[in-house]
Amino acid sequence: MCAGVEKPGGALVWHVMAKHTTTTLCGQKLGRHVDGASAQQAGHCSSCMAVFGKLMTAPSAVASPAATDQ
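Residues numbered from 1 in each chain as written. Predicted model: local features only at pLDDT ≥ 70, side-chain atom pairs only at ≥ 80, totals over all residues. Heavy atoms only, no water.

**Some thoughts on the side chain of His-15**
Right, so step 1: Along the chain, the position of His-15 falls in strand β2 (residues 12-15).
Right, so step 2: Its relative accessible area of 0% is what places His-15 among the buried residues.
Right, so step 3: Of note is the side chain of His-15, whose polar atom sits 2.9 Å from the backbone oxygen of Val-5. (Helix = DSSP H or I, 4+ residues; strand = E, 2+ residues; numbered from the N terminus. Buried < 20%, exposed > 50% of the residue type's maximum accessible area, 1.4 Å probe, protein only. Polar contact = N/O pair within 3.5 Å; in protein donor to acceptor, adjacent residues only side chain to side chain.)

See below:
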């Protein structure tokens, strides 16, 4: 998670992003660091959370070993 603006000129929100990247799940690039005190009360990016929810409920691309032992 990384704090940044929701959209250019928008409110401060928490975005979901992978490690070692500056691109969020909603597609924004975050390059500027945000003051932690300013981010304490920020909400969550609804677009990032929607993509994260879809990823968490998507079927696994790789079958688990337990499912293939039959």
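**Regarding the sheet that holds strand β1 (residues 2-5)**
Right, so step 1: Strand order across the open sheet formed by three strands is β1-β2-β3, with mixed pairing between neighbours. Strands with a single pairing partner mark the edges of an open sheet, and in this sheet they are β1 and β3 (43-44).
Right, so step 2: Both β1 and β2 contribute to a ladder of four bridges, which runs antiparallel. Along β2, the bridge assignment pairs Val-5 with Leu-12. (Pairing = 2+ DSSP bridges.)

**Details of the side chain of Gln-28**
Right, so step 1: In this structure, Gln-28 sits in the loop between β2 and α1 (36-39).
Right, so step 2: Looking at Gln-28, the relative accessible area reads 18%, which means it is buried.
Right, so step 3: Dropping the residues within four chain positions of it, Gln-28 is found in contact with Val-5, Glu-6, Lys-7, His-15, Thr-22 and Thr-23. (Contact = heavy atoms within 4.5 Å.)

**A few points about the environment of Gly-36**
Right, so step 1: Within the secondary structure layout, Gly-36 lies in helix α1.
Right, so step 2: The spatial distance from the C-alpha of Gly-36 to the C-alpha of Ala-3 is 8.3 Å, given a sequence separation of 33 residues.

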